[in-house]
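Given next are the chains, with one letter for each unit.
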Amino acid sequence: MIKGCIFDLDGTLANTLIDLANTTNLVLKSHHLPIHDVSQYNFFVGNGVKKLMMRALGENHVDLLDECLDEFYQLYDQHLLDNTKAYPGIDDLINKLYDDGILLSVVTNKPHHNAVALTEYLFPGKFVSIYGNQDLYPVKPSPQSLELALKDMHLKNEECIFIGDSNVDVNTAKNGHMPCIGVAWGSRGRKELEAAGADYVVDEANEIALIINEYRH
């Protein structure tokens, strides 16, 4: 029986791509490097900010990585909510799950303080715990942050379902021994999720509630 849901954040609950892309491009501009179209950032995100910056810089400029990361962190704090919004139907989904007594948590590779700020801004008081990228545990697809969220919710692996938008999320769920719902509206799309072996792939937020309801009966 499913009693809890653990969500990825970027590309799953919230469309953060424009703000991530704009911030990264500001850093690149400051070093007189070529910038990238927002659409290219679909393939840069998903593995944390360090990987995002490495991909944006390219192999020829990795010597600038540490400096660019510092600049990114400072700038992103200022631009976290410029364009970021919950995806269509997500507000209703979170409210429904919460009202139905489903426990909710976030596990993301987004910097931890940004993840907390963004989640609490968009969905105040709805999530039991929020785990972002910090030095206390490795990034997804390691299941360590997922296990911490389960402990906070006092749930077993089989009582929870993981929801995300990339192969990183599918692999996180597999490593955590729980079913996975892939959301096709995120950065990677249906094809990647199916290839990674997601148990379900949905096109609309309300489909998630229907799947969870099946597990509850």
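As the structure is a prediction and not an experimental result, all values here were calculated from the model. Residue positions are given per chain, counted from 1 along the sequence in the order it is written. Under the rules for a predicted model, residues below a pLDDT of 70 receive no local features and side-chain atom pairs below 80 are neither given nor counted, while totals for whole chains, interfaces and linings still include all residues. Only heavy atoms go into the side-chain values, all of them from the structure, while hydrogens and water stay out.

Chemist: I keep staring at the sheet that holds strand β6 (residues 160-164) and nothing clicks. Help me out?
Modeler: The strands that make up a sheet pair up through hydrogen bonds in the backbone, lying either parallel or antiparallel. Being paired, for any two strands, means DSSP has found at least two bridges between them. Secondary structure elements follow DSSP: runs of H or I no shorter than four residues count as helices, runs of E no shorter than two count as strands, and numbering proceeds from the N terminus. With parallel pairing, 6 strands are arranged side by side in an open sheet as β5-β4-β1-β6-β7-β8. Where the open sheet ends on each side, the last strands, each with one partner, are β5 (129-133) and β8 (200-202). Across the sheet, the axes of successive neighbouring strands diverge by a mean angle of 20 degrees, strand direction being ignored. Relative to β5, strand β4 (residues 103-111) is paired through 4 bridges, and the arrangement is parallel. Opposite Pro111, over in β5, you have Asn133 as the bridge partner. To get an axis, a line is fitted to the C-alpha atoms, and for a helix only the part in contact is used. The angle between two axes follows their N-to-C directions and goes from 0 to 180 degrees.

Chemist: Which parts of the structure should I look at to understand unusual backbone geometry?
Modeler: Working note: non-glycine residues mostly have negative phi, and peptide bonds are mostly trans. In the segment running from Lys140 into Pro141, the intervening peptide bond is cis, with an omega of 20 degrees. With respect to the helices and strands, Pro141 occurs in the loop between β5 and α6 (144-153). Not every positive phi belongs to a glycine, and His177 is a case in point at roughly 55 degrees. Here His177 shows up in the loop between α7 (167-175) and β7 (180-183). Type-normalised accessible area, obtained with a 1.4 Å probe on protein chains alone, sets the label of each residue: buried when under 20%, exposed when over 50%, and partly exposed for intermediate values. For His177, a relative accessible area of 63% translates into the label exposed.

Chemist: Hey, could you run me through the layout of surface pockets in this one?
Modeler: Empty space left among the atoms is revealed by rolling a probe the size of a water molecule over them. Think of a 1 Å grid over the protein atoms and nothing else: a 1.4 Å probe that fits but is trapped marks a cavity, an open set flanked by protein within 12 Å on at least five of seven lines marks a pocket, and residues with an atom within 4 Å of a point count as lining. Grid points are joined across faces, edges and corners, and a volume is the space filled by probe spheres set on the points. Space inside the largest pocket adds up to approximately 330 Å³. Taken together, 27 residues line the largest pocket, and the ones lying closest to its centre are Asp10, Thr16, Leu20, Val45 and Gly46. Sort the elements by how many residues they give to the lining of the largest pocket and β4 lands first, with 4 residues. Only Asp, Glu, Lys and Arg are considered charged, only Ala, Val, Leu, Ile, Met, Phe, Trp, Tyr, Cys and Pro nonpolar, and every remaining residue, Gly among them, polar. Taken together, the residues of the lining of the largest pocket break down into 9 nonpolar, 12 polar and 6 charged.

Chemist: Could you clarify how one ought to interpret the pattern of salt bridges in this entry?
Modeler: Two side chains bearing opposite charge may form a pair once their charged atoms approach each other closely. What makes a salt bridge here is a side-chain nitrogen of Lys or Arg within 4 Å of a carboxyl oxygen of Asp or Glu, nothing more. This structure, assessed with the given rule, holds 8 salt bridges. With its nearest N and O atoms 3.3 Å apart, the salt bridge here joins Glu159 to Lys3. Placement of the pair is Glu159 in the loop between α6 and β6 and Lys3 in the segment before β1 (4-7), with a sequence separation of 156 residues. For Asp100, the salt bridge identified is with Lys96, shortest N-O distance 3.1 Å.

Chemist: Would you mind going over empty space enclosed by the protein with me for this structure?
Modeler: If you walk through the whole model with that rule in mind, you get 1 cavity of 30 Å³ or more. Space inside the largest cavity adds up to approximately 40 Å³. What lines the largest cavity is simply Thr108, Asn109, Gly132, Asn133, Tyr137, Pro138, Val139, Lys140 and Ser145. Secondary structure elements with two or more residues in the lining of the largest cavity: β4 and β5. Per-class residue counts for the lining of the largest cavity are 3 nonpolar, 5 polar and 1 charged.

Chemist: I would appreciate a short explanation of the nonpolar core in the present structure.
Modeler: Here is a general trend for soluble globular proteins: nonpolar side chains tend to be buried in one another's company. Counting residues in each nonpolar core, the largest one holds 52 residues, and the members touching the most others are Cys5, Phe7, Leu13, Ile90, Phe127 and Ile208. When residues no more than four places from it in sequence are discounted, the contact partners of Ile208 are Leu93, Ile163, Ile181, Val183, Trp185 and Val202. Grouped together as the second largest cluster of nonpolar side chains are 20 residues, Leu146, Ala149, Leu150 and Val170 included. Here, nonpolar core refers to any group of buried Ala, Val, Leu, Ile, Met, Phe, Trp, Tyr and Cys residues whose side-chain atoms link them within 4.5 Å. Residue contacts are defined here by distance: any two heavy atoms, one from each residue, within 4.5 Å place the two residues in contact.

Chemist: Teacher, can you tell me more about the packing of aromatic side chains here?
Modeler: In this description, a pair of aromatic rings is defined by centroid distance and the angle of the planes. Here the aromatic set is Phe, Tyr and Trp, taking the six-membered ring for Trp, and pairing holds for ring centres within 6.5 Å; pairs whose planes are under 30 degrees apart are stacked, those over 60 apart are edge-to-face, and all others are tilted. Scanning the entire structure with this criterion turns up 7 aromatic pairs. Between the aromatic rings of Phe72 and Tyr73, the centroid separation amounts to 6.1 Å while the plane-to-plane angle is 80 degrees, which identifies the pairing as edge-to-face. In this structure Phe72 comes out as buried when scored by relative accessible area, which is 0%. Given a relative accessible area of 31%, Tyr73 falls into the partly exposed group. Between the aromatic rings of Phe72 and Tyr76, the centroid separation amounts to 5.3 Å while the plane-to-plane angle is 25 degrees, which identifies the pairing as stacked. In this pair, Phe72 and Tyr76 both sit in helix α3 (residues 65-79), 4 residues apart, roughly one turn of the helix. Per residue, the accessibility class of Phe72 equals that of Tyr76, and both read buried. Note on geometry: a ring has a charge over it if NZ (lysine) or CZ (arginine) is within 6 Å of the ring centre and within 35 degrees of the ring normal. Just above the ring of Tyr98 sits the side chain of Lys126; from NZ or CZ to the centre is 5.2 Å.

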